[in-house]
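Overview (structure and organization)
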Amino acid sequence: MQQSPISASAVSCFHCGEDCGQIQIQAHGKYFCCEGCRMVYELLNSKGLCDYYSFNQTPGNNQRIPVRSDKFQFLEDDPIQRSLISFRNDTQTHVSFYLPQVHCSSCLWLLENLHRINPGVMSSKVNFERKEATVVFDHHVISLRAVAELLTSIGYEPYISFHDMQKKKPVQDRRKIYRLGVAGFCFANIMLLSFPEYLGIDIKEAHLLNFFRYVNLGLSLPVFFYSAAEFYTSAWQALRHRFLNIDAPIVLAILVTFFRSVYEVYTGTGSGYFDSMTGIVFFMLAGRVLQDRTHKQLSFDRDYTSYFPIAVTRVNDTEQHSVSLSEIKLNDTLLIHHQELIPADGILTRGKALIDYSFVTGESAPVMKEMGEMVYAGGRQMAGNIEILVIREVAQSYLTRLWNRDVFSKEKDSQTSFVHALSRWFTWIVFAIAAIAGTYWMLHDETRMWNAITAVLIIACPCALLLSNTFTNGNILRQLSARKLYLRNAAVIENLADIDTIVFDKTGTLTTGVSEDVVYDGRPIPAPIRRKIATLAAQSTHPLSKSILQWAGESLQDVSLAFREESGKGIEGMVDGDLIAMGSAAFITGKEDTHETLAAVYLSVEGKFMGCFRFRNHYREAIPALLQELKQHYHLVVLSGDNPGEEANLRQMLGREAALYFRQQPEDKLDKLKLLQEQGHSVMMIGDGLNDSGALKQADVGMALADNTNHFTPASDAIIDAQVLPKLYRFIQLCRANRRIVMAAFLVSIVYNITGLWFAVQGNLSPMIAAILMPSSSLSILLITYGFSNMASRKLLPET
């Protein structure tokens, strides 16, 4: 017996030196990681230059990738053009395309020099973070369709989805930035104008002293009425729902500080605490701006329209027209090209279909369909062109109806942060101290009573708790995103820290979903026969044949070959005089193998049975080690739409305590998640396909896995790059450290509060003491949160 699993070796790009990964483009005897590197090398090679940054001549004729003539015909449709074009006048048109192939600096150089390849392009700029190219072109010289074809021909095919027609142009909300700017300006100037009083400088001119105080009052008004507005709104909404959030005591402190300061200035009894009030607002807004930082290149709220193409080919008699999905009608005949998605449910009327439903159902093996059989929306055709007769329009297809179900589209209940609960206790303690101080002075010296009460409310504002939380959350979000885990918002950090159960999808999550491990079990195969097997396998479009070709290695050239393939059964042929056959057990041996659980292809040579190829899912690197680590701390569950062929493998990796479920429909996954939550578990779901969308929304944390974070991912709370999935446990540990850091910073701020309260309860809180304590407390919190969160991230997630 011999076993020969496939093994892949790392190949570096000749041009940029990066790892080519699974995408290896070979040209001129060298390997390249992307078309950009290959084409730049060709440009340099044709001119005899070694540094592409110094190349300034017009590119010569280069080998281009052929583009199907009707591939972008839909871009000639006016409604589609209007939905994609961002600007147009008499001389130029602006359009932005998402280019998922953008990979390195060579890509940027090539894409930003499109005008040298086609003079109709006026300029092009690339946003590398978003993998988006904005092209300005002269529509009198080159059309929108031609621009898309140009990009495709150099290796950067634009990804245009049905969602692009429906989305509205995003308008960035900058109000918080403006409020922060106003607060910062006013805070700095109030501090500057208050320095004479801080330092005890005697200002001889009384009217000048009053002038400074009234200027401070004027500068505080924009902060009080504009910058602090969102705190008023948040506190009022919480109180309306009979809930005391952290903004309520902060608003109370702002109101008390402002009105006491106005009273002191108006009566001439003091300069007030305008600096403290504006400082509170400034630092809290700064923390929230940092915490609310969004990942502009990512979308956490995608639906099926982001997965569907923008147009498809409709066949009328002998003519073919490109139509948008909204124009597809009942009884239309659609032409589906190789590797295209099926946009609507229909009946196969021409060609043989081999459909990959893995993204919709989770089944890893493509499904063979014969003429007259049903095909469903969302599947990808893997074997040539087919035609289907539409029996349900896009809006009525199985996939659309599944997505539009209430359970798949309901909003997740918001959870209350531990900070709000802590602030309630803190607030009642502050009220108690203020009441005790007020009662004491009411009995001993009534003139100090209100000074003491208001001073306590000013100095013991829970802004320190809010600052420690927002600054820590903001920095943790930044640390995680730098390591390719992107969270929707800061609330997800706390939810991640609380999980006790992790649920995995299998296909595309634990496995790569794009390759199979091939194991041959049978008689030894001589090298010449092995090459002939590769030659025969190369004639078939079936994915398993492609895996066998990869296993067998190089095929023969200029070979004498005759073969026949029976759809869904197998292939046999004469290869240089040897009769070789590969296929199902029935095709090779005449008997069905009812005991085989894995996908298998049987082999015979000259009518003699040789053995069989078995195909196992290819698990991502480091997945076994990750599961070994996680199972020691969490309850693990696998929900797979695939068959149970991998159950033994998974059980070995996950252990006896893990729960494994197979052939799970999207509704089944959702129900399993609900059951776990009803049992008291806090659940994280990790998936990658549309079939996981309902479970991702139901989970306490829904995490979408992406081999490229800019590619389609279902709606989720977090998006994780597949390369960093092995670091999942350490990511969770960092989120748990977040709470400890917040508490440490808050405890330090208590020291400042106690110092301030010593003066406050005596009714002797001077503006200078308040001006020292408030910024000192805020800066200490800033240093502690950044220092400890950076230390924790370096310890748990060291840079590699």
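What comes next is a walk through the structure. (Residues numbered from 1 in each chain as written. Predicted model: local features only at pLDDT ≥ 70, side-chain atom pairs only at ≥ 80, totals over all residues. Heavy atoms only, no water.)

This part is about the pattern of salt bridges. Summed over the entire model, instances satisfying the criterion amount to 15 salt bridges. Asp332 is paired through a salt bridge with Arg314; the nearest N and O atoms lie 3.0 Å apart. Here Arg314 lies in strand S7 (residues 311–316) and Asp332 lies in the loop between strand S8 (319–324) and strand S9 (333–336), a separation of 18 residues in the sequence. Both residues of the pair, Asp332 and Arg314, count as buried. With a shortest N-O distance of 3.7 Å, Glu387 and Arg350 are connected by a salt bridge. You can see Glu387 sitting in strand S15 (residues 386–390) and its partner Arg350 sitting in strand S10 (residues 346–350), a full 37 residues away along the chain. (Salt bridge = Lys/Arg side-chain N within 4 Å of Asp/Glu carboxyl O. Helix = DSSP H or I, 4+ residues; strand = E, 2+ residues; numbered from the N terminus. Buried < 20%, exposed > 50% of the residue type's maximum accessible area, 1.4 Å probe, protein only.)

Below, the discussion takes up the packing of helix H9 (residues 229–240) against helix H10 (residues 247–267). For the pair H9 and H10, the least separation of the axes is 8 Å and the interaxial angle reads 130°. The orientation of H9 relative to H10 falls into the category oblique. As H9 packs across H10, the resulting crossing turns out to be left-handed. Judged by residue contacts, Phe231, Tyr232, Ser234 and Ala235 of H9 engage Asp247, Ala248, Val251 and Ile254 from H10. (Axes fitted to C-alpha atoms, helices over the stretch in contact; angles between N-to-C directions. Parallel < 35°, antiparallel > 145°, perpendicular 65-115°, else oblique. Left-handed = near helix turned anticlockwise from the far one by under 90°. Contact = heavy atoms within 4.5 Å.)

We now examine the nonpolar core. With 48 residues, the main nonpolar core has Ile502, Phe504, Met684 and Leu728 as its most contacted residues. Per element, the largest residue contribution to this core is 8 residues, and it comes from helix H27 (residues 728–760). Composition of this core by domain shows at least three residues from each of domain 3 (175–294 + 418–473 + 736–796) and domain 4 (486–512 + 620–735). If we ignore the near neighbours within four places in the chain, the residues touching Phe504 are Thr509, Leu510, Leu627, Leu630, Leu636, Val637, Val638, Leu639, Ile686 and Leu728. Formed by 43 residues, the second largest nonpolar core is a distinct cluster that contains Tyr41, Leu75, Ile85 and Leu114. (Core = buried A, V, L, I, M, F, W, Y, C linked by side-chain atoms within 4.5 Å. Domains from an automatic or database assignment.)

Positive phi, normally seen in glycine, also occurs at Lys484, with a value near 75°. Mapped onto the elements, Lys484 comes out in the loop between helix H17 (463–482) and strand S16 (485–487). For Lys484, a relative accessible area of 33% puts it in the partly exposed group. Unusually for a residue other than glycine, Glu606 sits at a positive phi of about 55°.

The pairing of strand S4 (residues 93–98) with strand S6 (residues 132–137) spans 6 bridges and is antiparallel. Bridge assignment links His94 to a residue of S6, and that residue is Val136. Of the strand pairs in this sheet, strand S5 (residues 121–127) and S6 are connected by 6 bridges, and their pairing is antiparallel. For Asn127, the partnering residue across the bridge sits in S6 and is Glu132. (Pairing = 2+ DSSP bridges.)

Along the chain, Met684 falls in strand S26 (residues 683–687). Accessibility expressed as a relative area gives 0% for Met684, which makes it buried. Counting along the chain gives 189 residues from Met684 to Asn495, while the straight-line C-alpha distance between them is 8.9 Å. Setting aside its immediate chain neighbours within four residues, Met684 contacts Leu496, Ile499, Thr501, Ile502, Val503, Val701, Met703, Leu728 and Ile732.

On to the sheet that holds strand S28 (residues 718–721). Across the sheet, 7 strands lie side by side as S16-S28-S27-S26-S17-S24-S25; this open sheet has mixed pairing. In this open sheet, the two strands that pair with only one neighbour each are S16 and strand S25 (659–661). The sheet shows a mean angle of 20° between the axes of neighbouring strands, taken without regard to direction. As defined by bridge partners, S16 adjoins S28 across 3 bridges and the pair is classed as antiparallel. Opposite Leu485, over in S28, you have Ile720 as the bridge partner. Across the sheet, helix H18 (residues 491–498) lies against S16, S26 and strand S27 (701–706), angled at about 100° from S27, the strand it touches most.

Glancing now at a nonpolar patch on the surface. On the surface, Ile177, Tyr178 and Tyr226 cluster together into a nonpolar patch covering about 290 Å² of accessible area. By the element assignment, Tyr178 lies in helix H7 (residues 175–198). (Patch = residues over 30% accessible without salt bridge, like charges linked within 9 Å, V, L, I, M, F, W, Y side chains within 5 Å. Areas by Shrake-Rupley, 256 points an atom, 1.4 Å probe, with all protein chains shown as cover.)

Turning to helix H20 (residues 527–537), its buried residues number three or more, namely Ile529, Lys532, Ile533, Ala534, Thr535, Leu536 and Ala537. The inward-facing, buried residues of H20 contact helix H21 (543–552), strand S19 (561–566), strand S20 (570–575), strand S21 (578–583) and strand S22 (599–605).

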